[in-house]
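Geometric and topological summary
In case you want the letters, here they are:
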Amino acid sequence: MAQKRKLDYYDDDFDFDTESLSSFESDEDFVHSISSSEDDSSDEEDFLSVRQWCKIDSSSPAPSRFSFICDVGMKACVTNISDPLEYFELFFTDEIVNHIVTEANIFAAENLNKFKSKEHSRTHHWSETNANELRVFFATLILQGIITKPTLRMFWSKRKNENTDSSHPQPKLKKIWTVLNYLQKKFSEVYTPEQDICIDESLLLYKERLSWTQYLPLKRARFGIKMFMLCESHSGYVWSIIIYVGKGTDVSEENKECSFSTQVVLTLSKPLLNKGYCLTMDNYYNSPELGEMLLKSKTDFFGTLRPNRKDLPKVLKTEKLKKGDLLAYQRDGFVSSMRRAESMSSGTGCGRGQNIYWN
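Residues numbered from 1 in each chain as written. Predicted model: local features only at pLDDT ≥ 70, side-chain atom pairs only at ≥ 80, totals over all residues. Heavy atoms only, no water.

1. Section: the overall build of the protein
Assigned secondary structure in the protein consists of nine helices and 11 strands. Going through the 359 residues of the protein one by one, you find that 27% of them count as buried. For the protein, the exposed surface amounts to about 27200 Å²; the carbon and sulfur share of it is 53%. (Helix = DSSP H or I, 4+ residues; strand = E, 2+ residues; numbered from the N terminus. Buried < 20%, exposed > 50% of the residue type's maximum accessible area, 1.4 Å probe, protein only. Areas by Shrake-Rupley, 256 points an atom, 1.4 Å probe, with all protein chains shown as cover.)

Structure below.
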């Protein structure tokens, strides 16, 4: 057994083998070795303490981000940036398309030889596909995400009434579009309405399967096809009409940043703007946004108004009026008012001028 010795300048608890000390030339080297091991242990403890979770608050500084050294942007060359086909071909190159074609033909050959087809099976008409045919198939799949149909089968149907005409301005109304456009033209050619006109919706009774049928409990029909109509107030003559079909309703895109109800009014009344007409409408259409546009087009307007419309005085929502009281505000010819009548009913109206209607 190796002999042990104790160093006078260390605590008696530290015992060392003489063999382990033979590698040190002097006591100074030995002391330096002991100090280094203690430093390593301290560094490890510091590292472990950093790894511990500690609580912070909102005032604590956030860790800094690493320096970003990449060159961002397109690395591929595109000759025509407005052509979506070029972007598609950046990913689906001839190499991968030809690979898919080869694998598809191999798969078809293996399965056609493996299973016996019936006499009138479509597999008897199979012919090997090619790259151009595969690209047409890809285009069809992309269009399925844009043009929706009730069933997947209808995308591949050869029936005329199920064909998709993506170039039609109103695909949902294409069966009646010619007749509807003709009548629209005749409505405006045959008669010029008086100064007072109105816009409201009507419901055509229809209970069959249709994706854009509406339920309006206050209408007599309740279920059916909703239509927006511009009529002459005195006679009720229908001068213009828009059939609501949900997404894709035929409204002008000139004011697409506006709300849908505003777009409906501006589309119906466009030929009559700047001619001094006076338009009456209910609170579904009326808003300060629409009012400003009508005033710029020299068109008066009246109607009830929802007090929660954007850009209205907040006091119209909170003010409690007594019987017969009137609260009104005006801005650039636009008058917004609220009145509590003797019958305890209250309403909010807006328009231009002094004659304001309330509900």
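That covers the picture; the talk isn't over yet.
2. Here's the deal with the pattern of salt bridges
Tallied over the entire structure, the rule returns three salt bridges. In this structure, the salt-bridge partner of Asp94 is Arg135, at a minimum N-O distance of 2.5 Å. Within this pair, whereas Asp94 is found in helix H4 (residues 94-114), its partner Arg135 is found in helix H5 (residues 131-144), the two being separated by 41 residues in sequence. Where Lys186 meets Glu189, a salt bridge forms, and the shortest distance between an N and an O atom there is 3.7 Å. Pair noted here: Lys186 and Glu189 are both in helix H6 (residues 177-190), with a separation of three residues, about one helical turn. Exposure remark for Lys186: the relative accessible area of 32% places this residue in the partly exposed category. (Salt bridge = Lys/Arg side-chain N within 4 Å of Asp/Glu carboxyl O.)

3. Comments concerning helix H8 (residues 288-296)
Taken together, the buried positions of H8 are occupied by Pro288, Leu290, Gly291 and Leu294. Relative to the axis of H8, the buried residues are bounded by an arc of 155° and lie together on one face. Two residues or fewer after H8 comes Lys298, characterised by a positive phi angle close to 55°. (Arc of directions from axis to C-beta.)

4. Things to note about unusual backbone geometry
Outside of glycine, negative phi angles account for most residues, and trans bonds account for most peptide bonds. Despite not being glycine, Arg222 has its phi angle at roughly 70°, a positive value. With respect to the helices, strands and loops of the structure, Arg222 is situated in the loop between strand S4 (214-215) and strand S5 (223-232). When its relative accessible area of 40% is taken as the criterion, Arg222 is described as partly exposed. At Lys298, a position not held by glycine, the phi torsion is positive, near 55°.

5. Observations concerning the packing of aromatic side chains
According to the stated counting rule, one finds 12 aromatic pairs in the structure shown. Where Phe88 meets Phe92, the ring centres are 4.8 Å apart and the plane angle is 10°; that geometry is what we call stacked. The class of Phe88 is partly exposed, set by a relative accessible area of 23%. Take Phe92: its relative accessible area is 32%, and that puts it in the partly exposed class. Among the aromatic residues, ring-to-ring pairing joins Phe88, Phe92, Phe137, Phe138 and Trp156 into one connected group. (Phe/Tyr/Trp six-rings, centres within 6.5 Å; stacked < 30°, edge-to-face > 60°.)

6. Focus: the nonpolar core
Core analysis: the biggest nonpolar cluster contains 22 residues, and Met281 and Leu294 have the highest contact counts within it. Among the secondary structure elements, those contributing two or more residues to this core are strand S3 (196-205), S5, strand S6 (238-243), helix H7 (260-269), strand S7 (278-281) and H8. For this core, the element with the highest residue contribution is H7, accounting for four residues. For Leu294, the contacting residues outside a window of four places in its chain are Leu266, Leu273, Leu279, Met281, Thr299 and Phe301. Of all hydrophobic cores here, the second largest spans 11 residues; its members include Leu173, Trp177, Met229 and Ile241. (Core = buried A, V, L, I, M, F, W, Y, C linked by side-chain atoms within 4.5 Å. Contact = heavy atoms within 4.5 Å.)

7. Focus on the confidence of the model for the protein
Predicted confidence across the protein gives a mean pLDDT of 79, with 78% of residues reaching 70 or more. When mean pLDDT is taken per element in the protein, S6 scores highest with 93 and strand S1 (residues 4-5) scores lowest with 46. (pLDDT = per-residue confidence, 0-100.)

8. A few points about the side chain of Thr262
Positionally, Thr262 belongs in helix H7. Of the polar contacts made by the side chain of Thr262, one reaches the side chain of Ser259; its length is 3.0 Å. Setting aside residues no more than four positions away along its own chain, Thr262 makes contact with Ser287, Glu289, Leu290 and Met293. (Polar contact = N/O pair within 3.5 Å; in protein donor to acceptor, adjacent residues only side chain to side chain.)

9. Some thoughts on the pairing of S7
One face of the sheet, then the other: side chains in a regular strand alternate in exactly this way. Pairing between S3 and S7: three bridges, direction parallel. When the bridges of S7 are listed, Asp196 appears paired with Cys278. Across four bridges, the pairing between S7 and strand S8 (residues 300-304) is parallel. By the bridge assignment, Leu279 is partnered in S8 with Phe301. Handedness of the β-α-β unit built from S7, H8 and S8 comes out right-handed. (Pairing = 2+ DSSP bridges. Right-handed = clockwise from strand over helix to strand, strands pointing away.)

10. Overview of the packing of H7 against H8
Two numbers describe how H7 lies on H8: the axes approach to 9 Å, and their chain directions differ by 25°. Here H8 runs roughly parallel to H7, going by the angle between their axes. In terms of crossing hand, the pair formed by H7 and H8 is right-handed. Mapping the contact onto sequence places Thr262, Val265 and Leu266 in H7 and Glu289, Leu290, Met293 and Leu294 in H8. (Axes fitted to C-alpha atoms, helices over the stretch in contact; angles between N-to-C directions. Parallel < 35°, antiparallel > 145°, perpendicular 65-115°, else oblique. Left-handed = near helix turned anticlockwise from the far one by under 90°.)

11. A closer look at the side chain of Thr249
Turning to its location among the elements, Thr249 is positioned in the loop between S6 and H7. Taking the relative accessible area as the measure of exposure, Thr249 reaches 9% and is therefore buried.

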